[in-house]
Amino acid sequence: MSIALSAATEARWQKILDAYPEGRKRSAVIPMLIFAQDETGIITRELMEEIARRAEVDYLQVEEVVGFYSMLRKQPLGKYHVQVCTNISCMLAGGMELWHHACESLHLKNKQTSADGLISIEEVECMGACSWAPAVEVNYDFHHHVTPERFDEIILELKGKG
Amino acid sequence: MFNPPSPHEVKILTRRFGVQNSHTIDASLAHQGYDGLKKAIAMGADAVINEIKASALRGRGGAGFPTGMKWSFIPRTSPKPKYIVCNADESEPGTCKDRLLIQNDPHSLIEGIAIAGFTMNSNRGYIYVRGEYRYLIYILETAIAEAYKHNLLGQNILGTGWNFDLFVHSGAGAYECGEESALLNSLEGKRGTPRLKPPFPATHGLYQSPTLLNNVESFCAVTHIIRDGAADFAKHGPEKSGGTRLMCISGHVQRPGVYEMPLSTTLPFLINEVGGGLRPGRTLKAVQPGGSSSPILLPEECNVGLDFDSLAKAGTMAGSGGIVVLDDTADIVAYALRIIRFYQHESCGWCIPCREGTTWLKKILERLNQGEGTMKDVDLVGELAKNMFGRTFCALGDAAAWPTGSIVKKFRGEFETKLAAVQARQVPAELVNIG
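As the structure is a computational prediction, the values presented were derived from the model and not from experiment.

Caption draft 1: Inspection of the sheet that holds strand β5 (residues 244–251) of chain B at higher detail. Residues and elements named next belong to chain B. Ordered by their spatial adjacency, four strands build an open sheet running β6-β5-β8-β7, and the pairing between neighbours is mixed. Edge positions in the sheet fall to β6 (257–262) and β7 (284–288), since each has one partner strand and no second. Neighbouring strand axes in the sheet, compared pairwise and without regard to direction, differ in orientation by 30° on average. Note that β7 and strand β8 (residues 322–327) share four bridges and pair antiparallel. Across the sheet, Gln-288 pairs through a bridge with Val-324, a residue of β8. On the sheet, helix α12 (residues 267–274) packs against β5, β6, β7 and β8 and is oriented at approximately 130° with respect to β6.

Encoded structure:
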């Protein structure tokens, strides 16, 4: 194969491919993409070609979904992707101010990554934490009731982890 | 991490919340886990469907369609494979309940899906989980593996000769995939655009086969309805809106949270007694009672029940159970803009009234929010919303038009005030460019 993935991702791909009926491997494309992206950080042409081969679909059938789903990306983001929700429930609880604080304190704009590649930020739509707003999701980890002070702590923790 | 419970709650679906390791099968089995499945097998498929009908359960995903009736539409004897699909793509702004159900009691969901599988003579089910809820995918996979070990999934379940496999499928970020036909396209590996209906998923769903598709909370309710009987559930709500639901209250209340409440609960009770009321010194400005898609209510319209029919009668909807409360500090113009930014971002682009309509609404509301428009723009928002309504492939266009149309109609004065203030350069800086 043209790209090397970890044994864990290979095992995950196999589990995904086994989950659909005979002749329905196209169903595996989106889960394969997102789990691979967790490892690679970015969806490349080679990755899409490999998925097309494994799922027995045309390359364009992979490419077209990458363009549709907001979590799939062809541009790299930070090791820690910090997503700040500003949708209605978060907005009413200070989410918009939190987002502005995130931009200003990190000197980043929407979907930009820090020079060291560690942190990127994104203003996102509702993540399902409305009653514990405002919410931030770092990669797949939720943080609730995030104040600007708490936000700064989270960033410090991420920088400490490296 | 989450809100503490309220003493007013009626805990049916959330009964195992707080039990130590409630997500494990041991905790589930120690608290009547899978008794509903065993009972369903003993009752037989027809009796199961009748029981759900008698419970007056209505779909908890948003549309509020009677669940028992939906189940009766599936051609159970069709020679095609029958699929059970669970919609765990929770993404309606204001709604955060399915997350709690899966996190705290995944076995209640798996049991409900298994009951559906047995009833529909199905051998395969999928749980479609939104990509952002990755930790729930792992929780579900662990729980499913436990259920296989206990012969509650897999081959010859409980000696019945019936086989049922259940899988978890990850989405990748698209609100539109909460719409059932878009979800099915996405599950087939395609872009999440809706399908023309009819035919409906009941006969032509996943892989063009009969498919039963329900929300997480609906399946969890089925588990408890079958175990404890329809009457025990139905008694908590009005005749045509049975049971409890997980109500998600957010925004300007003192105790925002997710609370399992009878459907006979009223909106003032939820806000004041369960949600702790408004902050001191504040007055109510508006409520969206069914997620961001629901038409907004003025304070004088808020003396209403939270069941499906009462809210429909009040000109709005119960939707997904997300109740968003706004007090007098809320900037309604910025709020309207934030709603439409969401729908514009999430419109899948499949049909023109939605794709173009949400884009134009966003542009106009941006202008109004910056104080650069005129009152004619406010009329234009209302006109656009009216012309989108009912003219789109799926309900996303309606969902964008409903709140927007209702906000410009009911809060015209706020738009006038904001325009006049900005144009007179008297507006406080923090009120400009927010949203």
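Caption draft 2: Quick look at the environment of B:Phe411. Residue and element names in this part refer to chain B. Tracing the chain through its elements places Phe-411 in the loop between α17 (395–410) and α18 (412–423). The exposure class assigned to Phe-411 is buried, which follows from its relative accessible area of 6%. Once the C-alpha coordinates of Phe-411 and Ile-332 are considered, the two residues, 79 residues apart in sequence, prove to be 7.6 Å apart. Not counting the four nearest positions on each side in its chain, Phe-411 is found in contact with Lys-285, Ala-286, Ile-296, Leu-298 and Ile-332.

Caption draft 3: Quick look at the interface of chain A and chain B. With 43 residues of chain A at the contact, the number on the chain B side is 65 residues. Where chain A abuts chain B, roughly 4500 Å² becomes buried across the two surfaces, and 59% of that area is made up of carbon and sulfur atoms. Scanning the region where chain A abuts chain B turns up four salt bridges. A salt bridge links A:Arg12 to B:Glu141; the shortest N-O distance between them is 2.7 Å. Scanning the region where chain A abuts chain B turns up 25 residue pairs in polar contact (both at pLDDT 80 or more). Of all the secondary-structure elements, those providing two or more residues to the side of chain A that touches chain B are α1 (7–17), α2 (29–40), α4 (59–66), α5 (88–92) and β2 (119–124) of chain A.

Conventions used here
Residues numbered from 1 in each chain as written. Chains lettered and ligands numbered in written order. Predicted model: local features only at pLDDT ≥ 70, side-chain atom pairs only at ≥ 80, totals over all residues. Heavy atoms only, no water. Pairing = 2+ DSSP bridges. Helix = DSSP H or I, 4+ residues; strand = E, 2+ residues; numbered from the N terminus. Axes fitted to C-alpha atoms, helices over the stretch in contact; angles between N-to-C directions. Contact = heavy atoms within 4.5 Å. Buried < 20%, exposed > 50% of the residue type's maximum accessible area, 1.4 Å probe, protein only. Buried area = accessible area lost by both parts, 1.4 Å probe. Salt bridge = Lys/Arg side-chain N within 4 Å of Asp/Glu carboxyl O. Polar contact = N/O pair within 3.5 Å; in protein donor to acceptor, adjacent residues only side chain to side chain.

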